[in-house]
Amino acid sequence: MLKKAASIAAATTLATVLVQADGHASPARAQEEAFVGGSGTSAVDTRFAFGVFGGEGEEATGFALFRNTAEGVEERLGGITCVNIVGNAAIFKIKDVGSEGGTHRQFFVRDNGPTGEGEPTDELNAYGVPSNESPDKCDKPDEDMKGQVITAGDIAVVTGEE
């Protein structure tokens, strides 16, 4: 639990600092209803950090950063424009101001609980991108969606229902 709390704190701090540094985004604010955050590396060597505040039907805030130089992705970064959370899964969208600025991109994450025997089990994937349609509306995650298992780090999906 301490490890997950540290990951949440790190993602929250990163999101707050980056959002405040971006003149186009408003500062992130914590909402009791929902939080999606994490940092680490995926199985395809994408390094990531994000903090998303808000739930369906609420104003979503926060910031996300993704980088995978091995795959030719210098950076995907931007403020959160929406989030949709179902159980332990979430889809959130950013307005990418990074290497291909101005495009809205969706990401899928699943929090599969604490790591077992030191092995991460959480999932991350770009989902339906680019997606300039309805930047303030995210798709709804379902049980059939899968992501790349992260190889380091942690993802947390926290709702008011827990």
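No experiment lies behind these values; they were computed from the predicted model shown. (Residues numbered from 1 in each chain as written. Predicted model: local features only at pLDDT ≥ 70, side-chain atom pairs only at ≥ 80, totals over all residues. Heavy atoms only, no water.)

Participant: Is there a simple way to think about the confidence of the model for the protein in this case?
Facilitator: Where the model shows low pLDDT, its predicted coordinates should not be examined in detail. Averaged over all residues, the pLDDT of the protein is 76; the fraction at 70 or higher stands at 68%. When mean pLDDT is taken per element in the protein, strand 2 (residues 47-53) scores highest with 95 and helix 1 (residues 2-21) scores lowest with 43. Note that residues 1-32 has pLDDT below 50 and, in this model, 43 contacts with residues that lie over four places away or in other chains. (pLDDT = per-residue confidence, 0-100. Helix = DSSP H or I, 4+ residues; strand = E, 2+ residues; numbered from the N terminus. Contact = heavy atoms within 4.5 Å.)

Participant: Help me out: how do you make sense of the packing of aromatic side chains in this one?
Facilitator: Aromatic rings in a pair are described by how distant their centres are and how their planes are angled relative to each other. Following the criterion strictly, the structure yields seven aromatic pairs and no others. Between F50 and F66 the ring centres are 6.3 Å apart and the planes differ by 20 degrees, which places this aromatic pair in the stacked class. Remark: F66 occurs in strand 3 (residues 61-68) and F50 occurs in strand 2; sequence separation between them is 16 residues. Of the two residues, F50 and F66, neither departs from the other in class, the shared state being buried. Pairwise contacts between aromatic rings join F48, F50, F66, F92 and F107 into one cluster. (Phe/Tyr/Trp six-rings, centres within 6.5 Å; stacked < 30°, edge-to-face > 60°. Buried < 20%, exposed > 50% of the residue type's maximum accessible area, 1.4 Å probe, protein only.)

Participant: How should I be thinking about the nonpolar core in this particular structure?
Facilitator: In terms of nonpolar packing, the biggest core is built from 20 residues, with V36, F50, F66, F92, V109 and L124 touching the most fellow members. Going through the elements one at a time, strand 1 (34-42), strand 2, strand 3, strand 4 (73-86), strand 5 (89-96), strand 6 (103-110) and strand 8 (148-159) are the ones with two or more residues in this core. If we ignore the near neighbours within four places in the chain, the residues touching F92 are F50, V52, A64, F66, I80, C82, V83, R105, Q106, F107, V109 and C138. (Core = buried A, V, L, I, M, F, W, Y, C linked by side-chain atoms within 4.5 Å.)

Participant: For this particular structure, what's the right way to read the sheet that holds strand 3?
Facilitator: Strands in a sheet are paired, the pairing made by backbone hydrogen bonds, and the direction either parallel or antiparallel. Pairing in this closed barrel of eight strands is antiparallel, and the strands run 1-2-3-4-5-6-7-8 around the ring. Here the average twist between neighbouring strands, direction ignored, is 30 degrees. (Pairing = 2+ DSSP bridges. Axes fitted to C-alpha atoms, helices over the stretch in contact; angles between N-to-C directions.)

Participant: Please clarify how the pattern of salt bridges should be interpreted in this entry.
Facilitator: Where side chains of opposite charge bring their charged atoms close, a pairing between them can arise. In this structure the tally under the stated criterion is five salt bridges. With a shortest N-O distance of 2.7 Å, R47 and D45 are connected by a salt bridge. On the basis of relative accessible area, D45 is assigned to the partly exposed category, the value being 34%. Notably, a salt bridge pairs R76 with D96, separated by 3.8 Å at the nearest N-O pair. In this pair, R76 is assigned in strand 4 and D96 in strand 5, connecting sequence segments 20 residues apart. The burial state of R76 is the same as that of D96; both residues are buried. (Salt bridge = Lys/Arg side-chain N within 4 Å of Asp/Glu carboxyl O.)

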